[in-house]
Amino acid sequence: QVQLVESGGGLVQAGGSLRLSCAASGRTIENYAMGWFRQAPGKEREFVATINWSSSITVYADSVKGRFTISRSNAKNTVYLQMNSLKPEDTAVYYCAADRAPIAGRDLNSYDYWGQGTQVTVSS
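Residues numbered from 1 in each chain as written. Predicted model: local features only at pLDDT ≥ 70, side-chain atom pairs only at ≥ 80, totals over all residues. Heavy atoms only, no water.

Caption draft 1: Just the nonpolar core, in detail. Within the largest apolar cluster, 37 residues are counted, with the highest numbers of intra-cluster contacts made by Leu4, Met34, Trp36, Leu81, Met83 and Tyr94. Those elements that provide at least two residues to this core are strand S3 (18-25), strand S4 (33-39), strand S5 (46-51), strand S7 (68-73), strand S8 (78-83), strand S9 (92-99) and strand S11 (118-123). In terms of residue count, S9 provides more of this core than any other element does, five residues in total. Beyond its immediate stretch of four places on either side in the chain, leucine 4 contacts Cys22, Ala23, Ala24, Met34, Cys96, Ala97, Ala98, Tyr113, Trp114, Gly115 and Gln116. (Core = buried A, V, L, I, M, F, W, Y, C linked by side-chain atoms within 4.5 Å. Buried < 20%, exposed > 50% of the residue type's maximum accessible area, 1.4 Å probe, protein only. Helix = DSSP H or I, 4+ residues; strand = E, 2+ residues; numbered from the N terminus. Contact = heavy atoms within 4.5 Å.)

Given below as structure tokens:
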């Protein structure tokens, strides 16, 4: 079993930056693909970004491409999401997820483990 704990969320003004962290415990995630998803009030959970086990492949939602960067440290068993140029429409609860496969995609149903989420609020 893998436990995932997100941190780094908060309130920020439009144009600002935040860095989310996702710390894994229970076992190493070095062979797992990792992803970030978000869910705004009244909306379905949506894909944000994913990174494969070796960090050689990253995929982003069009809405965050060029502003967000996903990265990982297998030594620290941690995944990050650097969010720059934040917009009010980025406001959501952000979730970290792990897929036992070495590479994953946009489908949230393929992910096996989920964190509890961290709130990101962007004010205009």
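Caption draft 2: Inspection of the pairing of S8 at higher detail. Where burial is concerned, most of S8 is hidden: five out of the six residues are buried. Taken together, the six bridges between S3 and S8 define a ladder with antiparallel strand orientation. Across the sheet, the residue bridging to alanine 23 is threonine 78, located in S8. By the bridge criterion, six bridges tie S7 to S8 in an arrangement that is antiparallel. When the bridges of S8 are listed, serine 73 appears paired with threonine 78. (Pairing = 2+ DSSP bridges.)

Caption draft 3: Quick look at the environment of valine 93. Take valine 93: it is sitting in strand S9. Note: C-alpha distance between valine 93 and glutamine 39 (54 residues apart in sequence) is 5.3 Å. Apart from residues no more than four positions distant in its own chain, valine 93 is found in contact with Phe37, Arg38, Gln39, Gly117, Thr118 and Gln119.

Caption draft 4: Here's a closer look at the packing of aromatic side chains. In total, this model carries five aromatic pairs according to the counting rule given. Positioned above the aromatic ring of tyrosine 80, the side-chain terminus of arginine 19 is 4.0 Å from the ring centre. Note that arginine 45 overlies the ring of tyrosine 95, its terminal NZ or CZ placed 3.7 Å from the centroid. (Phe/Tyr/Trp six-rings, centres within 6.5 Å; stacked < 30°, edge-to-face > 60°. Lys NZ or Arg CZ within 6 Å of the ring centre and 35° of its normal.)

Caption draft 5: Representation of unusual backbone geometry. Positive phi outside glycine occurs at serine 55, with the angle close to 70 degrees. In this structure, serine 55 sits in the loop between S5 and strand S6 (58-60). Positive phi outside glycine occurs at serine 85, with the angle close to 50 degrees. Residue position: serine 85 is located in the loop between S8 and S9.

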